[in-house]
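# Understanding the architecture of this molecule
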Amino acid sequence: AQTIHQWPVAEIKAVGSPLSLGCTIKGKSSPNLYWYWQATGGTLQQLFYSITVGQVESVVQLNLSASRPKDDQFILSTEKLLLSHSGFYLCAWSLGGGGAETLYFGSGTRLTVL
Amino acid sequence: GEQVEQLPSILRVQERSSASINCTYENSASNYFPWYKQEPGENPKLIIDIRSNMERKQIQGLIVLLDKKAKRFSLHITDTQPADSAMYFCAASADTGGADRLTFGKGTQLIIQP
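Residues numbered from 1 in each chain as written. Chains lettered and ligands numbered in written order. Predicted model: local features only at pLDDT ≥ 70, side-chain atom pairs only at ≥ 80, totals over all residues. Heavy atoms only, no water.

For chain A, the helix and strand inventory stands at zero helices and eleven strands. Whereas a compact globule of 114 residues would reach a radius of gyration of roughly 13 Å, chain A reaches 13 Å, a difference of no more than 12%. Principal-axis analysis of the C-alpha atoms gives chain A an extent of 40 × 25 × 20 Å. Counting every position in chain A, which comprises 114 residues, the buried fraction comes to 46%. Considering only contacts in chain A between residues 6 or more positions apart, those separated by 24 or more positions represent 54%. Accessible surface for chain A amounts to roughly 5100 Å². Of this, 55% is attributable to carbon and sulfur atoms. (Helix = DSSP H or I, 4+ residues; strand = E, 2+ residues; numbered from the N terminus. Rg over C-alpha atoms; globule rule 2.2 N^0.38 Å. Buried < 20%, exposed > 50% of the residue type's maximum accessible area, 1.4 Å probe, protein only. Contact = heavy atoms within 4.5 Å. Areas by Shrake-Rupley, 256 points an atom, 1.4 Å probe, with all protein chains shown as cover.)

Written out as structure tokens, the structure reads:
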């Protein structure tokens, strides 16, 4: 069975400080990987997606970047946090192949920027 | 891209009655329509989905209907229970030949009243 692990569970960071969030998928080779962001009480906004190692596409510009250094790993980062970065960050995966497929979400990282 | 409208934003129903949530989409190429349930502090979890080759799907007390002509789909929860109280998101996606570009609605807060 596939498992998705996100870290850390929660972060409290200062404005202007750097950030790195991680996600690992086990049990599935070459998945499509995604980062989503959710403001408190808000909808799910896709930030980045990756269909293969080393390749990441940006969906919205939020002064964040993402990388996929390994087939099973997806990293979200920024060098300088803004207040507007606060929210719930969710990593997700889907089967590769091109067809519209179900997204499975990790447990998320709650980020508070002060 | 796709736009998904979801109504209502808040829905209060009596326990054991039915609840209905409606969504519309714009892209006629969208062919996959999942519904996610999100409890406070948790990640969204898939509860039911439907593809464009179907008009109706039922899993126990959950029914989804799809009207492709009207570009409308809906979730119906029969015999609601307190455990059904949560945020519900509809989403739409089209085959892209690559990553899944799932677009979410703004969510419906379902409150089951005793």
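Enumeration over the complete set of coordinates arrives at two disulfides over all chains. Two residues share a disulfide in this structure: Cys23(A) and Cys91(A), whose sulfurs sit 1.9 Å from each other. Residues Cys23(A) and Cys91(A) share a disulfide whose torsion about the S-S bond is about -70 degrees; that sign makes it left-handed. In this pair, Cys23(A) is assigned in strand 3 (residues 19-26) and Cys91(A) in strand 9 (residues 87-94), connecting sequence segments 68 residues apart. Residue Cys91(A) is classed as buried on the basis of its relative accessible area of 0%. What pairs with Cys23(B) in a disulfide is Cys90(B), and their sulfur atoms sit 2.0 Å apart. One quick way to see it: the torsion about the S-S bond of Cys23(B) and Cys90(B) is about -100 degrees, and its sign makes the bridge left-handed. Taken as a pair, Cys23(B) in strand 3 (residues 19-25) and Cys90(B) in strand 9 (residues 86-92) lie far apart in primary sequence, 67 residues in all. (Disulfide = S-S within 2.5 Å.)

This brings us to the interface of chain A and chain B. Counting residues at the interface gives 26 residues for chain A and 26 residues for chain B. At the junction of chain A with chain B, the criterion picks out zero salt bridges. Our count for the contact surface shared by chain A and chain B stands at seven residue pairs in polar contact (both at pLDDT 80 or more). Residue assignment for the side of chain A that touches chain B shows that the elements contributing at least two residues are strand 4 (32-38), strand 5 (45-52) and strand 9 of chain A. Ranked by residues supplied to the side of chain A that touches chain B, first place goes to strand 4 of chain A with four residues. Within the side of chain A that touches chain B, the residues separate by chemical class into twelve nonpolar, twelve polar and two charged. (Salt bridge = Lys/Arg side-chain N within 4 Å of Asp/Glu carboxyl O. Polar contact = N/O pair within 3.5 Å; in protein donor to acceptor, adjacent residues only side chain to side chain. Nonpolar A, V, L, I, M, F, W, Y, C, P; charged D, E, K, R; others polar.)

Take the sheet that holds strand 7 (residues 62-67) of chain B next. Residue and element names in this part refer to chain B. The strand order across the open sheet formed by five strands is 1-3-8-7-6, and the pairing between neighbours is antiparallel. Two strands in the sheet have a free side with no partner beyond their single neighbour: strand 1 (4-7) and strand 6 (56-59). Neighbour-to-neighbour, the strand axes of this sheet turn through a mean angle of 15 degrees, independent of strand direction. Strand direction decides the pairing type here: strand 3 and strand 8 (residues 72-77), joined by six bridges, are antiparallel. Its bridge partner being in strand 8, cysteine 23 is matched across the sheet by phenylalanine 73. (Pairing = 2+ DSSP bridges. Axes fitted to C-alpha atoms, helices over the stretch in contact; angles between N-to-C directions.)

Here we come to the environment of Gly87(A). Residue and element names in this part refer to chain A. On the secondary structure map, glycine 87 appears in strand 9. Classification of glycine 87 as buried rests on a relative accessible area of 6%. Taking the C-alpha atoms as reference points, glycine 87 and tryptophan 37, 50 residues apart in sequence, are found 6.8 Å from one another.

This next bit is on the side chain of Gln46(A). Within the secondary structure, Gln46(A) is located in strand 5. A distance of 2.9 Å separates a polar atom in the side chain of Gln46(A) from a polar atom in the side chain of Tyr36(A). Other than its neighbours up to four places away in sequence, Gln46(A) contacts Tyr34(A), Trp35(A), Tyr36(A), Val59(A), Val60(A), Asp100(B), Arg101(B) and Leu102(B).

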